[in-house]
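Chain and residue survey
Chain residues, written in single-letter form:
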Amino acid sequence: MLGFNNMIMLIMLCYICFSMISPVYGNVWYDNKAITINKQRRILLSGSIHYPRSTPEMWPDLVQKAKENGLDVIQTYVFWNGHEPSPGKFNFEGRYDLVKFIKLIQQAGLYVHLRIGPFVCAEWNFGGFPVWLKYVPGIEFRTDNGPFKEKMQDFTAKIVNMMKAEKLFHWQGGPIILSQIENEYGPVEWEIGATGKAYTKWAAQMAEGLNAGVPWIMCKQDDAPGDVINTCNGFYCENFVPNSKSKPKIWTENWTGWYTKFGGAVPYRPAEDVAFSVARFIQNGGSFVNYYMFHGGTNFGNTAGRFVATSYDYDAPLDEYGLPREPKYTHLKNLHRAIKMCEPALVSADAKVTKLGKNQEAHVYSSNSGSCAAFLANYDAQWSVKVTFSGTQYELPPWSISILPDCKKEVYNTARVSAPRYHAKMTPISGFSWQSYIDETPTADDDSTFSGSGLYEQLNVTRDNSDYLWYITDVTVKTSEEPILTVMSAGHTLHVFVNGQFQGTAYGSLEKPQLTFSQKVPLRAGLNKISLLSAAVGLANVGAHFERYNQGVLGPVTLQGLREGTWDLTRSKWSYKVGMKGEQLGLHTISGSSSVEWEQSAVAQKQPLTWYKTTFNAPAGSDPLAIDMSSMGKGQMWINGESIGRHWPANKASGKCGQCNYAGTFTETKCLGECGKPSQRWYHVPRSWLKPSGNLLVVFEEMGGDPRGISLVKRTAK
C-alpha cells in the first residue's frame with residue numbers, strides 16, 4: 001500500500017497534470033437558472049459592440065458608457081475576413097486589435113462574450129468569411145464538408161489559443177465568460193437536412209474540444225448538443241425555452257432597432273418597447289440578455305454586406321458616433337438599475353404567476369432568505385389598467401411592465417419615460433474647395449485588360465479586390481442606328497457607356513439584387529465600343545450556401561431593332577478590367593493623389609466617373625464629425641487614405657413612414673423614418689483619422705454629383 005505522504009503527493013500530481021491539460025470549469029458554468037460565476041448565479045446584462053465598426057480611440061469611451069449604463073458584459077463577433085484577408089496572413093492591428101479591445105473591457109471591470117462563429121452574418125461583407133475561402137478546392141460553406149471544417153477549425157483554434165496565450169479566459173483571470181460557435185445555423189440546418197445536422201454536431205464537439213474553459217453557446221439552434229447552450233435571437237424572447245432543463249434561458253440578440261439598407265427607410269425601435277421586451281424576458285425566467293446592438297458603429301471600407309448602408313447605427317442606445325441616444329440610453333439605464341435590485345430574488349426562486357385581469361398578470365419571485373421581487377404586466381396594447389396586487393392598486397400603461405424590487409414599491413415602468421427626449425443635431429462647419437479628375441472608360445487594348453468568350457461572373461474575376469468590373473465589347477454596324485440595348489445582370493449596379501458616352505444606370509436592391517438595363521443607345525456607322533461598368537454593393541452575408549450567389553453581368557446582352565435584326569452579344573468576345581484607373585493609380589492615397597493632373601479652375605459637376613479631392617484642417621473641439629454627401633450620387637470616400645465607405649445618397653428611402661406607437665408587437669418595418677430622402681446622408685469621419693492640418697479628402701463619384709454641396713458637419717446630442 002502507498003504511504004500517506006506518497007498518497008498525498010500522487011493526488012497533488014494528478015491534480016497538477018489535469019490542470020495542465022484542461023482548464024478548471026468551476027468558476028464559470030451554468031445551471032437551469034443562470035450563468036454561474038465563481039459558483040454564484042448572475043443576472044447578466046450585455047451589449048454588443050463590434051470592434052472593427054469603430055476605432056481604437058473610441059473603444060474606451062464606448063466601453064465606459066456601457067458600464068455606466070449598467071451592463072455587465074460586452075459581446076462581440078470575431079471577424080474572420082478582417083483577421084485573415086489572405087490565407088495564412090493575419091491582421092490583428094488597428095481596428096482589428098481584438099486583444100487590445102478585450103483588455104480594455106477587462107480594465108473597465110466588465111465581462112466578455114466572444115462570438116467566434118466564425119460565420120457572423122452581422123450584415124457584414126460575406127458574413128465574415130474571407131473571399132479566398134470560396135476558392136478552396138472542394139469547399140462548401142457551413143455543412144458537413146471536409147475542406148470547410150478544416151479551415152473553420154484552424155481559425156477557431158487560432159482565436160481560442162490566442163485568448164489563452166493572453167490569459168483572457170475567466171479561469172485564467174481574464175474577462176471572457178462565454179464563447180459562441182456558429183451563428184443562427186438552425187434555419188440553414190433545417191433547409192439542408194442530414195448534412196446540416198452532422199455539421200452541427202461536429203461544430204459543437206470541435207469547439208468543446210478546444211478547452212476554452214467557458215461555456216459555449218449556439219444561437220437559434222434548438223438541437224445544440226451536449227453542454228452547448230442553445231439561445232434566442234429576436235425582438236422578443238420571453239417564450240423561448242432551452243432544449244434541456246439543465247440550461248439557462250439566454251437571449252443573445254435583443255434587436256434594439258434594425259439595420260439601414262440602401263434604398264430603404266431608416267428603422268427605429270421605441271425605447272418603451274425595448275424595455276418592455278427585456279422586463280418580460282426577465283420576468284419569465286430569463287437570466288442573460290444582450291442588446292444587439294448597444295453601439296452599432298460604421299461599416300468602414302467595403303465591410304458592409306450586400307446593399308447594407310455604410311452606417312450601422314441600428315438605433316442603438318449609443319449612436320453611430322458613440323453619443324447616447326435619448327431617451328433610449330437613460331431609459332434602459334434605469335431599467336438595469338431596477339433589474340439589479342431584483343437579482344437576489346430572481347436567482348433564488350422560480351416565479352409564481354397570477355392573473356390580475358384579462359391581459360394582465362403578476363410574476364412574483366420570493367426566496368427562502370426573504371428577498372422578493374414582482375413584475376406587474378399589462379399586455380394590452382391599447383388601454384391603461386388599474387390592478388390590485390397585495391392589497392395595493394397600481395396603474396399600468398398599455399404594453400408595459402412595472403418592477404417592484406421589494407414586491408411593494410414600484411421603481412420602474414417600461415412605458416413611463418423620465419429620460420430626456422432629443423434628436424442629435426448635424427451642424428455644418430465648412431465647405432470645401434475641390435479639384436477634379438475624370439476617369440476613363442477602358443478599351444480592350446488597355447493595360448491590365450484580358451479577354452475571353454462569353455460573360456464572366458464578377459466575384460470570380462475581382463476576388464472582391466475592387467467593387468468594379470468593366471465588361472467591354474465591340475459592335476460594328478454599317479450605318480448609324482439607335483437599337484435597344486438590353487443587359488441583364490445578377491447585380492448590383494450597372495453603368496452603361498457607348499463610345500465613351502454615359503447612357504444610363506440601373507441597380508437592384510437587397511430584396512432583388514438582379515437588374516435589367518434596357519433603353520435605346522446611339523451607334524455610329526463602323527466600330528462601336530460598348531463598356532459596361534458593374535459595381536458591387538457588398539457581398540451576400542446570409543443564406544444557405546450564399547457562397548454560390550452570383551453578381552455581375554451574366555446576360556443575356558442583346559441589341560434589338562437593328563436593320564439586321566436582333567444581335568445576341570452574350571457569347572461574343574468580351575474584354576475585362578478590374579477596378580477604375582484611379583484605383584490603380586492610388587488617387588485616394590496621399591502619395592497617389594499627386595500622380596495625375598487635377599482640374600482646379602473648372603471642376604467637373606454632374607460628371608460620371610469623376611474623382612474629387614480637397615484638403616482641410618481639423619476643426620477645433622471634440623464633437624464627432626461627418627461628411628454631408630446629399631448632393632452626390634454614388635461612389636466611395638477616403639480621408640488620408642482611410643476608406644470611410646460607400647456613399648449612395650441618390651438612392652432614396654422607400655417605405656411607409658409616419659407616427660409610430662410604441663405599444664404592440666414590433667417588427668423591422670413598423671417604425672420608419674427618412675422616406676423620400678437619402679437612406680444615408682451623413683458619413684462618419686473618426687477624429688483619430690485627422691491631422692491638425694492638411695487632411696486629404698478624396699471622393700470617387702460613379703453617377704455624377706455636385707461636389708459644391710459637400711460639407712463637413714459636427715454631431716451634437718443636446
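Everything numeric here is computed off the predicted structure, so don't read it as measured data.

**Some words on the sheet that holds strand 39 (residues 711-716)**
- Across the sheet, four strands lie side by side as 20-39-33-37; this open sheet has antiparallel pairing. Of all the strands in the sheet, the pair left with one neighbour each is strand 20 (425-430) and strand 37 (682-685). Strand-to-strand twist in this sheet, taken as the mean axis angle between neighbours without regard to direction, amounts to 40°.
- Sheet topology note: the strand 33 (residues 625-628)/strand 39 ladder contains four bridges and is antiparallel. Residue aspartate 628 lies in a different strand from strand 39, and its bridge partner there is serine 711.

**Section: empty space enclosed by the protein**
- This model, assessed by the stated rule, comprises four cavities of 30 Å³ or more.
- Size it by volume and the largest cavity reaches roughly 80 Å³.
- If you trace the largest cavity, you find it lined by Phe126, Arg306, Glu457, Leu459, His492, Leu539, Ala540, Phe546, Glu547, Tyr549, Asn550 and Gln551.
- Of the residues belonging to the lining of the largest cavity, the class tally is six nonpolar, three polar and three charged.
- Lining the second largest cavity are Lys33, Ala34, Ile43, Ile282, Gly285, Gly286, Ser287, Leu346, Val347 and Tyr365.

**Quick look at the side chain of serine 531**
- Of note, serine 531 is situated in strand 28 (residues 526-535).
- Exposure remark for serine 531: the relative accessible area of 2% places this residue in the buried category.
- Each residue touching serine 531, except ones within four places of it in the same chain, is listed here: Thr441, Pro442, Trp470, Tyr471, Ile472, His495, Val496 and Phe497.

**Thoughts on the layout of surface pockets**
- Each pocket or cavity is described by its volume, and for the largest pocket that value is around 1,300 Å³.
- Lining the largest pocket we find 41 residues, and of these Val266, Asp315, Arg325, His423 and Glu674 sit closest to its centre.
- Those elements that place two or more of their residues in the lining of the largest pocket are strand 11 (266-267) and helix 8 (271-283).
- Residue composition of the lining of the largest pocket, grouped by class: 20 nonpolar, seven polar and 14 charged.
- Here the lining of the largest pocket spans two domains, since at least three of its residues come from each of domain 1 (38-342) and domain 3 (425-437 + 583-716).
- Counted as a void, the second largest pocket has a volume near 920 Å³.
- Lining of the second largest pocket is provided by 30 residues; of these, Gly301, Asn302, Thr303, Asp464 and Asn465 occupy positions nearest its centre.
- Taken together, the elements giving at least two residues each to the lining of the second largest pocket come down to helix 3 (80-83), strand 34 (635-639) and strand 35 (642-647).
- Broken down by element, the residue count for the lining of the second largest pocket peaks at four residues, all from strand 35.
- For the lining of the second largest pocket, the per-class residue count stands at nine nonpolar, 14 polar and seven charged.

**Here's the deal with the UniProt feature "domain: Glycoside hydrolase 35 catalytic" (unreviewed entry) in the chain**
- Mapped onto this structure's residue numbering, the UniProt feature "domain: Glycoside hydrolase 35 catalytic" (unreviewed entry) falls at residues 35-338.
- Taken end to end, residues 35-338 is 30% helix and 18% strand, and its first and last C-alpha atoms sit 20 Å apart.

**Some details on the nonpolar core**
- Membership of the largest hydrophobic core comes to 122 residues, with the highest contact counts inside it found for Leu114, Phe129, Leu133, Ile159, Met163, Leu335 and Ile403.
- Setting aside chain neighbours within four positions, we find isoleucine 159 in contact with Val78, Phe92, Leu98, Leu114 and Ile116.

**Overview of the environment of glutamine 64**
- One can find glutamine 64 in helix 2 (residues 59-68).
- Remark: the alpha-carbon pair of glutamine 64 and alanine 108, spanning 44 residues in sequence, is separated by 6.7 Å.

**Things to note about the packing of aromatic side chains**
- For the coordinates displayed, the defined rule picks out 55 aromatic pairs.
- Measuring from centroid to centroid gives 5.0 Å for tryptophan 251 and phenylalanine 281, while their planes differ by 55°, and the two rings are tilted. Taken as a pair, tryptophan 251 in strand 10 (residues 250-255) and phenylalanine 281 in helix 8 lie far apart in primary sequence, 30 residues in all.
- In this structure, arginine 280 is placed above the aromatic ring of tyrosine 379, and the distance from its NZ or CZ to the ring centre is 4.2 Å.
- The positively charged end of lysine 634 is found above the aromatic ring belonging to tryptophan 648, 5.3 Å away from the centroid.

**Looking at the pattern of salt bridges**
- For the structure on display, the rule yields 31 salt bridges.
- One salt bridge in this structure joins lysine 677 and glutamate 674, with 3.9 Å as the shortest N-O distance.
- One salt-bridge network, in which partners are shared between bridges, spans Arg42, Asp72, Lys340 and Glu343.

**Section: the domain arrangement of the chain**
- Once the domains are mapped, the chain shows domain 1 (38-342), domain 2 (348-418), domain 3 (425-437 + 583-716) and domain 4 (441-579).
- The gap between the C-alpha centroids of domain 2 and domain 4 is 62 Å.

**Description of helix 5 (residues 146-165)**
- For helix 5, built from 20 residues, the straight-helix expectation of 28 Å at 1.5 Å per residue is met to within 8% by its first-to-last C-alpha distance of 28 Å.
- By the burial criterion, the buried members of helix 5 are Phe148, Lys149, Met152, Phe155, Thr156, Ala157, Ile159, Val160, Met162 and Met163.
- Among the structural elements, helix 3, helix 4 (98-107), strand 6 (111-117), strand 7 (176-181), helix 7 (194-208) and strand 8 (216-219) are those in contact with the buried residues of helix 5.
- Two or three places before phenylalanine 148, at the start of helix 5, stands the capping residue asparagine 145, its side-chain oxygen 2.9 Å from that residue's backbone nitrogen.

**Re the side chain of serine 179**
- Summarising the element assignment, serine 179 is placed in strand 7.
- For serine 179, a relative accessible area of 0% corresponds to the buried category.
- Aside from chain neighbours lying at most four places away, what touches serine 179 is His113, Leu114, Ile116, Val214, Pro215, Trp216 and Ile217.

**Brief notes about the sheet that holds strand 21 (residues 435-438)**
- Strands sit in the order 21-32-38-34-35 across an open sheet of five strands; the sheet is antiparallel. This sheet does not close on itself; its edge strands, each paired only once, are strand 21 and strand 35. Averaged over all pairs of adjacent strands, the angle between their axes in this sheet comes to 20°, without regard to strand direction.
- In terms of strand pairing, strand 34 meets strand 35 through five bridges, oriented antiparallel. In the strand pairing of strand 35, methionine 637 is matched with glycine 645.

**Section: the pairing of strand 34**
- In terms of burial, strand 34 is a largely internal element, five of the five residues being buried.
- In textbook terms, the turn of a hairpin is the stretch between consecutive antiparallel strands, and for strand 34 and strand 35 this stretch comprises two residues, one of which, asparagine 640, has a positive phi near 50°.
- Summarising the sheet, strand 34 and strand 38 (residues 695-701) pair through five bridges and their orientation is antiparallel. Residue pairing for strand 38: tryptophan 638 is matched across the bridge by valine 698.

**Let's talk about the state of the cysteines**
- Per the stated rule, a full pass over the model turns up four disulfides.
- One disulfide in the model links cysteine 232 with cysteine 237; its S-S distance is 2.0 Å. A torsion of -80° about the S-S bond marks the disulfide between cysteine 232 and cysteine 237 as left-handed. For the residue pair cysteine 232 and cysteine 237, the accessibility class agrees, reading buried in each case.
- Linked covalently through their sulfurs, cysteine 657 and cysteine 675 form a disulfide whose S-S length is 1.9 Å. Around the S-S axis, the bridge from cysteine 657 to cysteine 675 shows a dihedral of about 80° and counts as right-handed. You can see cysteine 657 sitting in the loop between strand 35 and strand 36 (672-673) and its partner cysteine 675 sitting in the loop between strand 36 and strand 37, a full 18 residues away along the chain.

**Some points on helix 2**
- When we look at burial in helix 2, the residues that qualify are Trp59, Leu62, Val63, Lys65 and Ala66. For helix 2, the angular spread of the buried residues around the axis is 160°, confining them to a single face.
- Residues of helix 2 that are buried in the fold lie against strand 4 (44-49), strand 5 (73-77), helix 4, strand 12 (288-295) and helix 9 (328-346).
- Following helix 2 by one or two positions, glycine 70 has its phi on the positive side, about 100°.

The rules behind each value
- Residues numbered from 1 in each chain as written.
- Predicted model: local features only at pLDDT ≥ 70, side-chain atom pairs only at ≥ 80, totals over all residues.
- Heavy atoms only, no water.
- Pairing = 2+ DSSP bridges.
- Helix = DSSP H or I, 4+ residues; strand = E, 2+ residues; numbered from the N terminus.
- Axes fitted to C-alpha atoms, helices over the stretch in contact; angles between N-to-C directions.
- 1 Å grid on protein atoms, 1.4 Å probe; cavity = no way out; pocket = protein on both sides within 12 Å on 5 of 7 lines; lining within 4 Å.
- Points joined across faces, edges and corners; volume = space filled by probe spheres on them.
- Nonpolar A, V, L, I, M, F, W, Y, C, P; charged D, E, K, R; others polar.
- Buried < 20%, exposed > 50% of the residue type's maximum accessible area, 1.4 Å probe, protein only.
- Contact = heavy atoms within 4.5 Å.
- Domains from an automatic or database assignment.
- UniProt positions renumbered as here; feature names shortened; annotations may be inferred.
- Core = buried A, V, L, I, M, F, W, Y, C linked by side-chain atoms within 4.5 Å.
- Phe/Tyr/Trp six-rings, centres within 6.5 Å; stacked < 30°, edge-to-face > 60°.
- Lys NZ or Arg CZ within 6 Å of the ring centre and 35° of its normal.
- Salt bridge = Lys/Arg side-chain N within 4 Å of Asp/Glu carboxyl O.
- Expected span 1.5 Å × (residues − 1).
- Polar contact = N/O pair within 3.5 Å; in protein donor to acceptor, adjacent residues only side chain to side chain.
- Disulfide = S-S within 2.5 Å.
- Arc of directions from axis to C-beta.

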